Amino acid sequence: MPQSKKKPMLKKAAAPAKKVAPKKSAAPASKAAPKKEEVKIPAKKQFQLVRGMKDVLPRDQWYWKAMYDKSQQLAIDYGFDRIETPVLEEAALFMRSVGKQSDIVEKEMYVFEDRDQEKVALRPEATASVVRAYLQHGMWNQPQPVKLWYWGPMFRHERPQSGRQRQFTQVGFEIIGDASPVIDAQIIQMAYLFYTELKIPVNVQINSIGMPEDRTRYKMELVQFYRSHRGEICETCKVRLMKNPMRVLDCKEPQCQPIKTAAPQIVDYLSNESRDHFMKVLEYLDELNVPYFLDHTLVRGLDYYTKTVFEIVTTDGEQGSQTALCGGGRYDLLVEEMGGKPVPACGTAPGLERALIQLRERQIDVPGAPAPQVYVAQLGDLSRRKAMLLFTRLRAEGILADQDFCKNSLKSQLESANGKKIPFAMVIGQKEVQEGTVIIRDMDSGVQETVDFNKAPQILKRKLGLDSAAV
Ligand code: AMP
């Protein structure tokens, strides 16, 4: 039976190849081979970072690890699964989700045609990608809500300054498939705990922007109000008033502040359902002791938000979205917008570079590299070989050893051990090689003991209090 089935399958596979081949070669030459952009490569040049990009140097790595560990712990504690989506997505994904009129899509997105003339974008944020993945992998079939977290680079072509880069990193927590205000409160609590448990003092700024129906009436009132003050507002507000009226509330220009303060407030235009939802979120936050400030001018720059929106700022920092450490909110219509069934959702994305600045400026202690327990010193080539073997054995025993096997002077090796305050040194010289021994030196007292090479790791373990068994 397999034989008789195999033959027609082979024939079928071969057939389209023959038909397709001539079509491809018949394509116009210009389409088949897109023109290559000339890149001038200077003869000799010290290359620099592309503007807005940053290296993460060794001095900051322990901060990054502390932030990653905190994120992972929160994800585990609150029952989130990890997801990773690519940095490159179809450009239309973000135009549809974040919004064509948003600053991100209009001015900041890295969009380009790839070699197949596909319009692609470096992701400016990852909520849209997570929703794409939720739909593409049929996660609506799983028990709801689906809780996903991610960590990775985002790209926005903004004007670089402290805390604002063109490549930056976000950790995100998204809960898809539940409309309850419990979800909003938990997401806000997680973001709040991320900072406070890292010892960064923060405030939550919160608002509700309702559903689109609530906003229609509000926008009309807002536009009318601003028009009556047309002579007093800045040029950007005039443009926003026409394109995306609620963004006037984001304005930082001093001349617009009195008008912003006196403007109608969205909370007065919320439906009963949106208002009840908001009240419940606030009640849960009260219960959880998450402090918050109501901010009726908080609207966020992304189109997909509905109902709850929030930002997190430092308690002593300037307030407003420029200095926000983190943003988030509910997006009940996004899954449907992107081709799924109506599925409510909520999420947050702490930005890590801004958290890093806080950790550094506040000189917050984070766990660093573990201190070496022993220094392995050697004298001469033969002893170096034995010392390298000893180092390997110590490592296998779980003992953290330090060494400078490329150095020759015993004095400088012991100075190095002293400088690093390593409690013990193990020394192998010519004599020890001959005798199959090692000297264990207590660096504090200077007391030395010569022990058998093969037993040395166990003896050291006992001295370190790691192994109480008799040797
Ligand atoms: P958003 O996705 O705009 O809600 O931003 C969420 C958080 O990401 C912000 O509060 C910042 O911490 C961080 N963030 C956004 N844009 C940048 C940027 N250009 N550079 C550094 N961090 C950023």
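The preceding data block contains the structure.
Calculation notes
Numbering of residues begins from 1 in every chain and follows the order in which that chain's sequence is written. Per-residue local features are limited, in this predicted model, to residues with pLDDT of at least 70; the limit for side-chain atom pairs, both in listing and counting, is 80 or more; totals at the level of whole chains, interfaces and linings are taken over all residues. The basis for every side-chain value is the complete set of non-hydrogen atoms in the structure, without hydrogens or water. Labels follow the DSSP assignment, with helices taken as runs of H or I lasting at least four residues and strands as runs of E lasting at least two, numbered in each case from the N terminus. Categorising residues by exposure relies on relative accessible area from a 1.4 Å probe, with only protein chains included: less than 20% of the type maximum marks a residue as buried, more than 50% marks it as exposed, and the intermediate range marks it as partly exposed. By the convention used here, residues are in contact when the closest approach between their heavy atoms is within 4.5 Å. Only strands that DSSP links by at least two bridges are regarded as paired with each other. Orientation is described by axes fitted as lines to C-alpha atoms, over the contacting stretch for helices, and by angles from 0 to 180 degrees between their N-to-C directions. Being near a molecule or strand, for a residue, means having at least one of its heavy atoms within 4 Å of it. In protein, a polar contact means a hydrogen-donor-capable atom and an acceptor-capable atom, both N or O and within 3.5 Å, with residues adjacent in sequence counting only if both atoms are side-chain atoms; elsewhere, any N or O pair within 3.5 Å suffices. Note that accessible areas follow from Shrake-Rupley with a 1.4 Å probe, and for residues the cover is restricted to the protein chains shown. As a working rule, the residues Ala, Val, Leu, Ile, Met, Phe, Trp, Tyr, Cys and Pro are called nonpolar, Asp, Glu, Lys and Arg charged, and the rest polar, with Gly in that last group. Only rings of Phe, Tyr and Trp enter the pairing, Trp through its six-membered ring, and a pair is recorded when the two centres are within 6.5 Å. The plane angle decides the type: under 30 degrees is stacked, over 60 is edge-to-face, the rest tilted. For this analysis, a salt bridge means a side-chain nitrogen from Lys or Arg found within 4 Å of a carboxyl oxygen belonging to Asp or Glu. Candidates for patches are residues over 30% relative accessible area with no salt bridge; among them, like charges are joined within 9 Å and nonpolar side chains (Val, Leu, Ile, Met, Phe, Trp, Tyr) within 5 Å. Neither His nor the chain termini are counted; the positive set is Lys and Arg, and the negative set is Asp and Glu. All charge positions are set by atom: Lys at NZ, Arg at CZ, Asp at CG, Glu at CD. What sets the label is the angle itself: under 35 degrees gives roughly parallel, over 145 gives roughly antiparallel, 65 to 115 gives roughly perpendicular, and the rest give oblique. Note on convention: the crossing is left-handed when the near helix lies turned anticlockwise from the far helix by less than a right angle, right-handed when the turn is clockwise.

> Give a detailed account of the environment of A417, specifying residues and quantitative values.
Mapped onto the fold, A417 is located in helix α15 (residues 410–419). What makes A417 buried here is its relative accessible area of 0%. When the C-alpha positions of A417 and V376 are compared, they lie 8.8 Å apart, and in sequence the two are 41 residues distant. In this view, A417 contacts Y375, I422 and M443; residues no more than four positions away in its chain are not counted.

> Tell me about the sheet that holds strand β8 (residues 292–294), and name the residues and values.
Strand pairing in a sheet relies on backbone hydrogen bonds, with the paired strands running either antiparallel or parallel. Ordered by their spatial adjacency, 8 strands build an open sheet running β1-β5-β6-β11-β10-β9-β7-β8, and the pairing between neighbours is mixed. Because the sheet does not close on itself, it has two edges, and the strands there are β1 (81–82) and β8. In the packing of helix α3 (residues 61–77) onto the sheet, the strands contacted are β1, β5 (146–155) and β6 (167–176), and the crossing angle to β5 comes to about 160 degrees. In the packing of helix α13 (residues 352–361) onto the sheet, contacts are made with β5, β6, β9 (306–314) and β11 (345–350), and the angle to β6 comes to roughly 110 degrees.

> Describe the site of the ligand, naming the residues involved and giving the relevant values.
Within the structure, the ligand sits among 15 residues, and R156, E158, Q165, R300 and L325 are positioned closest to it. Side-chain polar atom of E158 to a nitrogen atom of the ligand: 2.6 Å apart, as the coordinates give it. Q170 places a side-chain nitrogen or oxygen 2.9 Å from an oxygen atom of the ligand. Protein chains bury 93% of the 480 Å² of accessible surface belonging to the ligand in isolation. Put simply, the parts of the chain that give the shell around the ligand at least two residues each are β6 and β10 (326–330). Of the residues that constitute the shell around the ligand, the class distribution is 5 nonpolar, 5 polar and 5 charged.

> Any chance you could break down the packing of aromatic side chains for me, citing the residues and the numbers?
The tally for this structure, following the rule as stated, stands at 12 aromatic pairs. For the ring pair F80 and F173, a centre distance of 5.6 Å and an interplane angle of 85 degrees mean the geometry is edge-to-face. Of this pair, F80 sits in the loop between α3 and β1 while F173 sits in strand β6, and the two are 93 residues apart along the sequence. On the basis of relative accessible area, F80 is assigned to the buried category, the value being 7%. A relative accessible area of 0% means that F173 is categorised as buried. When the centroid spacing of 6.5 Å and the interplanar angle of 85 degrees are considered together, the rings of Y110 and F155 count as edge-to-face. Here Y110, found in strand β3 (residues 110–113), pairs with F155, found in strand β5; they are 45 residues apart in sequence, far enough to count as distant.

> Can you break down the pattern of salt bridges residue by residue, with the values?
Where charged atoms from two side chains of opposite charge come close, those side chains can pair. Going through the model one piece at a time under the given rule, you end up with 26 salt bridges. The salt bridge partner of E235 is K238, with a shortest N-O separation of 3.1 Å. Of this pair, E235 and K238 both sit in helix α9 (residues 235–243), 3 residues apart, which is roughly one turn of that helix. For K238, a relative accessible area of 18% puts it in the buried group. By sharing partners, the salt bridges in this structure join D103, K107, R240, R247 and D250 into a single network.

> Kindly report on a negative patch on the surface, identifying the contributing residues and their values.
A contiguous patch of negative charge, built from E90, E113, D116 and E118, is present on the exposed surface. Inspection of the secondary structure assignment puts E113 in strand β3.

> Requested: an account of the packing of helix α7 (residues 181–197) against helix α11 (residues 272–287), with residues and values cited.
Two elements in contact, α7 and α11, have axes separated by 8 Å at closest approach and are oriented at 45 degrees. Between α7 and α11, the angle falls in the class oblique. Here α7 and α11 pass one another in a crossing that is right-handed. Contacts from P181, V182, D184, A185 and I188 of α7 reach α11 at H277, K280, V281, Y284 and L285. Here the contact of α7 with α11 is built from residues that sort into 7 nonpolar, 1 polar and 2 charged.

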